[in-house]
2 protein chains.
Amino acid sequence: MPDQSWLTPAIRRAAIARTLTTGEPLFRLGDKSAGLCEIVSGRVRLARVDRTGHETVLHVAGPGETIAEASLFSPHYQCDAIASTHAVVRIYPKAAILAAFEADRKAAQAFTAMLAHQVMDLRTRVERRNIRSARERVRHYFALNTGADGRTVGLHGTLKDLANELGLTHEALYRTLAVLERSGEIRKEEGHIVLLRAPKI
Amino acid sequence: MPDQSWLTPAIRRAAIARTLTTGEPLFRLGDKSAGLCEIVSGRVRLARVDRTGHETVLHVAGPGETIAEASLFSPHYQCDAIASTHAVVRIYPKAAILAAFEADRKAAQAFTAMLAHQVMDLRTRVERRNIRSARERVRHYFALNTGADGRTVGLHGTLKDLANELGLTHEALYRTLAVLERSGEIRKEEGHIVLLRAPKI
DNA sequence: CGGCGTTTTGAGAGAGCTCAACATCGGTGG
DNA sequence: CCACCGATGTTGAGCTCTCTCAAAACGCCG
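Residues numbered from 1 in each chain as written. Chains lettered and ligands numbered in written order. Predicted model: local features only at pLDDT ≥ 70, side-chain atom pairs only at ≥ 80, totals over all residues. Heavy atoms only, no water.

Caption draft 1: Quick peek at the overall build of chain A. When helices and strands are counted, chain A shows six helices and eleven strands. By principal-axis analysis of the C-alpha atoms, chain A measures approximately 55 × 45 × 25 Å. Counting over 201 residues, chain A shows a buried share of 43%. In chain A, the share of contacts with a sequence separation of at least 24, taken over all contacts with a separation of at least 6, comes to 69%. Taken as two groups, the 29 positive and 22 negative side-chain charges of chain A have centres that lie 3 Å from each other. (Helix = DSSP H or I, 4+ residues; strand = E, 2+ residues; numbered from the N terminus. Buried < 20%, exposed > 50% of the residue type's maximum accessible area, 1.4 Å probe, protein only. Contact = heavy atoms within 4.5 Å. Lys, Arg positive; Asp, Glu negative; His and termini not counted. Charge placed at Lys NZ, Arg CZ, Asp CG, Glu CD.)

Spelled out as structure tokens, the structure:
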């Protein structure tokens with residue numbers, strides 16, 4: 001889904017595939033930054049370890065996500081990246097990316113635009129998490145994820161995935177959807193949900 | 001706090017100050033994008049209105065934040081921006097920014113780097129919100145916001161602001177801090193908090 | 001058919017929210 | 001100088017909603 005027009009053929013050609021076993025580090029805090037990384041499969045967590053040895057997770061990245069974008073402009077990685085599952089990643093070397101951006105203004109601009117969109121998307125997620133009520137949180141998601149008709153919400157992945165995205169347990173999500181469906185606000189269909197009418201607040 | 005080295009003198013000179021009264025729109029979905037915007041004081045909310053007339057808030061921006069970064073690369077704004085309070089903003093015209101980035105590669109790179117850092121910061125906030133327990137959420141924040149000594153957490157703004165940032169009510173935060181202090185894990189001092197020892201899980 | 005993951009419903013407990021009261025502090029104006 | 005006001009900080013008590021744990025139905029695939 002994210003715009004990948006910044007990923008020029010030259011960068012793609014320079015990509016390095018790497019396989020990680022569970023627990024294997026991709027890079028460590030302070031390592032010389034090799035470039036940014038796209039998760040192909042599995043999960044990779046970004047974390048920091050404080051002086052007491054406790055690990056604090058910054059983010060868990062899944063398939064399709066890119067991590068360590070900031071390392072393009074920094075000589076070292078700013079946190080640890082460790083495979084949480086068996087994982088396959090593609091590393092796009094810093095030199096290749098910076099050279100491509102130097103040569104192709106449009107690509108560099110597309111990269112910046114992609115980051116700007118991600119910022120907006122993430123701000124929206126944070127805003128959604130500010131909503132306490134499960135029902136309102138689900139409505140917030142639906143309202144912002146309708147297709148062109150403004151009434152259909154596509155479901156990519158399972159409902160468990162959606163529950164995770166919304167910060168709810170899957171049980172809570174099932175119950176909420178059941179309530180909304182019983183009240184006639186939505187209808188569940190194969191692979192998508194149809195918004196039937198405005199909520200009665 | 002955010003790196004503003006992308007804000008070159010030329011861009012600064014081109015800035016347009018604007019004052020908004022509560023409820024006044026800064027821009028609307030579909031408007032021709034004038035440029036990006038920095039909030040000087042007050043609050044501006046970004047929102048979309050669906051066909052039923054219901055407004056869905058994407059983000060509430062406060063002093064120091066910039067909004068509409070994505071509009072630099074799009075001919076139109078992608079949502080509404082409306083003052084939630086009396087507000088003062090600075091608009092940096094798109095043309096001035098793009099010209100500055102064209103002339104000064106370093107500035108363009110600094111802008112991209114700033115966005116990359118914001119992405120990481122926002123991902124971390126989302127990750128924090130995945131933690132249900134108030135105590136663990138507070139610990140997560142502390143662990144990632146210590147100063148150079150690794151034991152001091154500066155408090156910018158009020159505790160209510162912090163509670164909001166953490167997605168807790170201020171009462172819940174007060175209680176949690178009180179518990180942590182009683183257990184000897186932290187000490188509250190003027191304008192900052194000192195981490196005394198590792199949590200006993 | 002059997003096993004695994006998703007979906008679904010039930011019952012109970014606990015954590016945080018809500019409402020309420022009060023203390024504290026800084027500013028403002030009479 | 002003091003009374004007043006608003007915002008922050010603090011603690012209490014009760015309640016609601018979601019989480020947790022459990023169990024079962026369902027669908028898919030080998």
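Caption draft 2: Quick look at the protein's contact with DNA strand C. In the neighbourhood of DNA strand C, 18 residues make up the surrounding shell, with R132 and Y174 of chain A together with A134, T169 and E171 of chain B lying closest. Counted by atom, the contact set of DNA strand C within 4 Å of the protein is 51% sugar and phosphate. K160 of chain A has a polar backbone atom sitting 3.2 Å from a phosphate oxygen of DNA strand C. K188 of chain A places a side-chain nitrogen or oxygen 3.0 Å from a phosphate oxygen of DNA strand C. Sorting the residues of the surface near DNA strand C by element identifies α5 (159-166) and α6 (170-182) of chain A together with α6 (170-182) of chain B as the ones contributing at least two each. The element contributing the most residues to the surface near DNA strand C is α6 of chain A, with four residues. Of the residues belonging to the surface near DNA strand C, the class tally is five nonpolar, five polar and eight charged. (Near = heavy atom within 4 Å. Polar contact = N/O pair within 3.5 Å; in protein donor to acceptor, adjacent residues only side chain to side chain. Nonpolar A, V, L, I, M, F, W, Y, C, P; charged D, E, K, R; others polar.)

Caption draft 3: Broad picture of the interface of chain B and chain A. Counting residues at the interface gives 49 residues for chain B and 50 residues for chain A. For the pair chain B and chain A, the summed buried area comes to about 4300 Å², and 59% of that belongs to carbon and sulfur atoms. On the chain B side of the contact with chain A, R105, R123 and R129 of chain B bury the most area, a combined 16% of that side's loss. Between the two partners, chain B and chain A, sit four salt bridges. Note that E69 of chain B and R123 of chain A form a salt bridge whose closest N and O atoms lie 3.3 Å from each other. The interface formed by chain B and chain A holds 17 residue pairs in polar contact (both at pLDDT 80 or more) in total. For the side of chain B that touches chain A, the secondary-structure elements that each account for two or more residues are β4 (44-49), β5 (55-61), β6 (66-67), α2 (94-103), α3 (105-129) and α4 (134-144) of chain B. Sort the elements by how many residues they give to the side of chain B that touches chain A and α3 of chain B lands first, with 18 residues. (Buried area = accessible area lost by both parts, 1.4 Å probe. Salt bridge = Lys/Arg side-chain N within 4 Å of Asp/Glu carboxyl O.)

Caption draft 4: Structural detail: the side chain of H140 of chain A. Note that H140 of chain A resides in helix α4 (residues 134-144). Dropping the residues within four chain positions of it, H140 of chain A is found in contact with T124, E127, R128 and I131 of chain A together with T56 and V57 of chain B.

Caption draft 5: Broad picture of the relation of the copies chain B and chain A. Superposition record for chain B on chain A: RMSD 0.1 Å, screw rotation 180 degrees, translation along axis 0.0 Å. As the rotation angle and translation indicate, the two copies are arranged about a two-fold axis. Both copies contact each other with a shared surface, as 100% of the interface residues of chain B are interface residues in chain A too. (Least-squares fit on C-alpha atoms with pLDDT ≥ 70 in both.)

Caption draft 6: Focus on the sheet that holds strand β9 (residues 152-154) of chain A. All names here are of chain A. Overall, antiparallel pairing links the three strands, which are arranged β9-β11-β10 in an open sheet. Looking at the sheet topology across the chains shown, the edges are occupied by β9 and β10 (186-189). When the angles between neighbouring strand axes are averaged without regard to direction, this sheet yields 20 degrees. Sheet analysis places β10 next to strand β11 (residues 192-195), joined by four bridges and oriented antiparallel. When the sheet's bridge partners are listed, E189 is paired in β11 with H192. Of the strands in this sheet, β10 and β11 touch α6, which is tilted by about 115 degrees from β10. (Pairing = 2+ DSSP bridges. Axes fitted to C-alpha atoms, helices over the stretch in contact; angles between N-to-C directions.)

Caption draft 7: The protein's contact with DNA strand D, seen in detail. Near DNA strand D you find 17 residues, and of these A134, T169 and E171 of chain A together with Y174 and R175 of chain B are the closest. When atoms of DNA strand D within 4 Å of the protein are sorted by moiety, sugar and phosphate together comprise 50%. At 3.1 Å from a phosphate oxygen of DNA strand D is found a main-chain nitrogen or oxygen belonging to L159 of chain B. At 3.3 Å from a phosphate oxygen of DNA strand D is found a main-chain nitrogen or oxygen belonging to K160 of chain B. Elements supplying a minimum of two residues to the surface near DNA strand D: α6 of chain A together with α5 (159-166) and α6 of chain B. The dominant element in the surface near DNA strand D, judged by the number of residues it contributes, is α6 of chain B, at four residues. For the surface near DNA strand D, the class distribution of residues is five nonpolar, five polar and seven charged.

Caption draft 8: Molecular detail of the packing of aromatic side chains. Residue and element names in this part refer to chain B. Counting across every chain of the model gives ten aromatic pairs over all chains. Ring geometry for W6 against F111: centres 5.1 Å apart, planes inclined by 70 degrees, an arrangement best described as edge-to-face. Linking W6 in the segment before α1 (9-14) with F111 in helix α3, this pair joins segments that are 105 residues apart in sequence. No difference in accessibility class separates W6 from F111, as the two residues are buried. (Phe/Tyr/Trp six-rings, centres within 6.5 Å; stacked < 30°, edge-to-face > 60°.)

Caption draft 9: Layout of the domain arrangement of chain A. Residues and elements named next belong to chain A. Segmentation of chain A into domains returns domain 1 (9-128) and domain 2 (131-195). Taking only C-alpha atoms into account, the centre of domain 1 sits 30 Å from that of domain 2. Contacts between domain 1 and domain 2 engage four residues on the former and eight residues on the latter. For domain 1, the biggest contributors to the area lost against domain 2 are R125, E127 and R128; these three give 90% of the whole. Where domain 1 meets domain 2, there are two salt bridges. In this assembly, domain 1 and domain 2 are joined by three residue pairs in polar contact (both at pLDDT 80 or more). Tallied by class, residues from the side of domain 1 that touches domain 2 come to no nonpolar, one polar and three charged. (Domains from an automatic or database assignment.)

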